[in-house]
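So you can see what is in the structure, the chains are spelled out below.
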Amino acid sequence: MWTTRATELASSRCKRSFGRRASLFTDPYAMTLPGSPHIAYRDRELFIDACSLRELAARFGTPLYVYSRTAMLEALSGYQRALAGRDHLICYAMKANSNLAVLQTFAEAGCGFDIVSGGELERVLAAGGDAARVVFSGLGKTRAEMQQALLAGVMCFNVESEAELEVLSQVAVQTGKTARISLRVNPDVDAKTHPYISTGLKGNKFGVAHERAVATYLRAATLPGLQVVGIDCHIGSQITEADPYLDALDRLLELIETVEARGVPVPHLDLGGGLGITYTDEVPPAAEVLVSALLARIDARGHGHRKILFEPGRSLVGNAGVLLTEVLYLKPGDTKNFCVVDAAMNDLMRPAMYGAYMGMAACRLRDDEPTLMDVVGPVCESGDWLGRDRRLAVLPGDVIAVLSAGAYGMSMASNYNTRPRAAEVMVSGDQAWLIREREQPAALFANERLLAR
Ligand code: LLP
């Protein structure tokens, strides 16, 4: 799933029937694309909800991230349905997409947040989120961040090492607050995903080793300023099978039983995030199916009374967004054809960083034969590609939608080559809101200073 696939998602005369939706059958060109029913062709034009992507590109410029609010809320509703009627909190892992309007959408829908920095906490508060529904993850929290989170009153610190536990105890005492803690346990299971985003194996830097967990809980129970409130794990990202989750769950339940038998209550169980999405032909379990299976196991093992937390990121926003980019030049060559677009690795890092496959679709279908080409950005690096060996029929001025770009797209964007970061738009039905203005170059060096002469 991480390498280039021959499967093409869209070509100019693509009337193939992949993903056709019954409701669109009357339109011969209507088809949905892998990932989201909210992004679909109607009469040869690509739409997100009821908005034409070409029109959005013309109105707001490119590169442009566009997200469907409806798609985000629908993704969330899978988790909500499975968890209905039990004590739970869905903490959106905001590193996936931390735009304020995205956070606002999830806060209003009842979510808490999984944060990994003081900056993310500030964003939650700026978006109207509630610190009391925040879990603070991350293996390198600074003392300043700990204090900031204690003063804001976060629900829980997900502690990742014994050393962090000691420092958090000191900071809590100095601040005059109690830090509620959960230990992020590394359950040593293989999430079967890309090595860069697999986090639950022994060799990973994350979490407290499974065999150290009991001792660390006992230590936590004796430290001043700390209160044990839970246990958590996060085994990786873009996971497309249920088994690694069930294995991790079993290991966590065993630990809870051992720790509680030693006199330390561990009320909540946080199973992290990591559920994958469809970039091309992956078929991850639906959130509702996965969560129901986990809950059934939790109940069967007599832990049904616990508060259950999840920290989904990608599965809530990934398939809800696209990156729009304009074709600048076509460069035919002897060995390769290149399609140079105005978005680059700084806008969307995933292909350059992980060799990740991102689907692509022309926003308007043409009648020309599609050509095999590499879709590349203007940045001065050979690693600056968005798609390799894609079959597209596009001309300069056309707009390409990079699919499934709602997660880890804008949130990982940089200003490399002094490229202003893209604008972001949220749509719902036929309405579109600008939720982040395009950066201006002067703002990029506004904090820099010339040497005094
Ligand atoms: N909780 C913790 C502690 C995490 O570290 C992460 C993601 C999540 C939850 C959310 O995981 P998700 O549901 O989004 O898979 N940049 C990479 C993904 C890095 C994920 C890091 N941790 C990518 O573009 O594929």
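Residues numbered from 1 in each chain as written. Predicted model: local features only at pLDDT ≥ 70, side-chain atom pairs only at ≥ 80, totals over all residues. Heavy atoms only, no water.

In terms of regular secondary structure, the chain is built from twelve helices and 22 strands. Relative to the 2.2 N^0.38 estimate, which gives 22 Å for 453 residues, the radius of gyration of the chain is 23 Å and therefore close to what a compact globule would have. Each principal axis of the C-alpha atoms in the chain carries an extent, and together these give about 70 × 70 × 40 Å. Across the 453 residues in the chain, those meeting the buried criterion constitute 56%. In the chain, the share of contacts with a sequence separation of at least 24, taken over all contacts with a separation of at least 6, comes to 69%. Working note: accessible area of the chain is about 18,300 Å², and carbon and sulfur atoms make up 51% of it. Charge centroids of the chain, computed over 47 positive and 52 negative side chains, lie 1 Å from each other. (Helix = DSSP H or I, 4+ residues; strand = E, 2+ residues; numbered from the N terminus. Rg over C-alpha atoms; globule rule 2.2 N^0.38 Å. Buried < 20%, exposed > 50% of the residue type's maximum accessible area, 1.4 Å probe, protein only. Contact = heavy atoms within 4.5 Å. Areas by Shrake-Rupley, 256 points an atom, 1.4 Å probe, with all protein chains shown as cover. Lys, Arg positive; Asp, Glu negative; His and termini not counted. Charge placed at Lys NZ, Arg CZ, Asp CG, Glu CD.)

Throughout the structure, instances matching the rule amount to five aromatic pairs. Centroid distance tyrosine 79 to phenylalanine 310: 6.2 Å. Interplanar angle 55°. Geometry classified as tilted. Taken together, the residues span a long stretch of sequence, with tyrosine 79 in helix 2 (residues 69–83) and phenylalanine 310 in strand 14 (residues 307–310) at a distance of 231 residues. Among the aromatic residues, ring-to-ring pairing joins Tyr92, Phe106 and Phe113 into one connected group. Lying across the ring of tyrosine 357, arginine 390 places its NZ or CZ 4.1 Å from the centre. (Phe/Tyr/Trp six-rings, centres within 6.5 Å; stacked < 30°, edge-to-face > 60°. Lys NZ or Arg CZ within 6 Å of the ring centre and 35° of its normal.)

Direction vectors running N to C along helix 7 (residues 213–222) and helix 8 (residues 243–261) enclose 45°, while the axes themselves pass 10 Å from each other. The angle between helix 7 and helix 8 falls in the class oblique. The element helix 7 and its partner helix 8 pack so that their crossing is right-handed. Of the residues in helix 8, those touching helix 7 at Ala213, Val214 and Tyr217 are Leu255, Thr258 and Val259. (Axes fitted to C-alpha atoms, helices over the stretch in contact; angles between N-to-C directions. Parallel < 35°, antiparallel > 145°, perpendicular 65-115°, else oblique. Left-handed = near helix turned anticlockwise from the far one by under 90°.)

Turning our eyes to something else, we now look at the nonpolar core. Buried together is how nonpolar side chains tend to be arranged in soluble globular proteins. In this structure, Tyr92, Phe106, Phe157, Ile181 and Leu269 are the most contacted members of the largest nonpolar core, which totals 106 residues. Ranked by residues supplied to this core, first place goes to helix 8 with nine residues. Composition of this core by domain shows at least three residues from each of domain 1 (5–68 + 318–444) and domain 2 (138–310). Counting 24 residues, the second-largest nonpolar core is a separate cluster that includes Leu33, Leu56, Leu324 and Leu365. (Core = buried A, V, L, I, M, F, W, Y, C linked by side-chain atoms within 4.5 Å. Domains from an automatic or database assignment.)

In the vicinity of the ligand there are 19 residues, among which Ser237, Glu311, Arg314, Arg350 and Tyr408 approach most closely. Here glutamate 311 contributes a side-chain N or O atom positioned 2.6 Å from a nitrogen atom of the ligand. With respect to the ligand, the side chain of tyrosine 408 contributes an N or O atom lying 2.6 Å from an oxygen atom. Its residues placed into classes, the shell around the ligand shows seven nonpolar, six polar and six charged. When residues of the shell around the ligand are assigned to domains, at least three fall in each of domain 1 (5–68 + 318–444) and domain 2 (138–310). (Near = heavy atom within 4 Å. Polar contact = N/O pair within 3.5 Å; in protein donor to acceptor, adjacent residues only side chain to side chain. Nonpolar A, V, L, I, M, F, W, Y, C, P; charged D, E, K, R; others polar.)

The subject of this paragraph is the confidence of the model for the chain. Here the chain averages 92 in pLDDT, and 91% of its residues register 70 or above. Counted against residues more than four places away or in other chains, residues 1–28, with its pLDDT under 50, gives 79 contacts. (pLDDT = per-residue confidence, 0-100.)

With that settled, the discussion passes to the pattern of salt bridges. The final tally for this structure, using the stated rule, is 20 salt bridges. The closest approach of N and O atoms between arginine 54 and glutamate 45, which form a salt bridge, is 2.5 Å. We classify arginine 54 as partly exposed; its relative accessible area is 30%. Looking at glutamate 45, the relative accessible area reads 14%, which means it is buried. (Salt bridge = Lys/Arg side-chain N within 4 Å of Asp/Glu carboxyl O.)

Next up on the list: the side chain of asparagine 99. Following the sequence through the fold, asparagine 99 ends up in the loop between strand 6 (88–93) and helix 3 (100–108). Residue asparagine 99 is classed as buried on the basis of its relative accessible area, which comes to 7%. Within the structure, the side chain of asparagine 99 is placed 2.7 Å from the backbone nitrogen of alanine 101, a separation counted as a polar contact. Setting aside residues no more than four positions away along its own chain, asparagine 99 makes contact with Arg123, Glu424, Ile435 and Arg436.

A few words now on helix 7. Turning to helix 7, its buried residues are Ala213, Val214, Thr216, Tyr217 and Ala220. Seen along its axis, helix 7 keeps its buried residues to an arc of 160°; they face one direction. For helix 7, the secondary structure elements touched by its buried residues are helix 6 (162–175), strand 10 (179–186), strand 11 (208–209), strand 12 (226–232) and helix 8. (Arc of directions from axis to C-beta.)

For the rest of this paragraph, the subject is the domain arrangement of the chain. Examined at the domain level, the chain breaks down into domain 1 (5–68 + 318–444) and domain 2 (138–310). The centre of domain 1, based on its C-alpha atoms, is set 36 Å off from the matching centre of domain 2.

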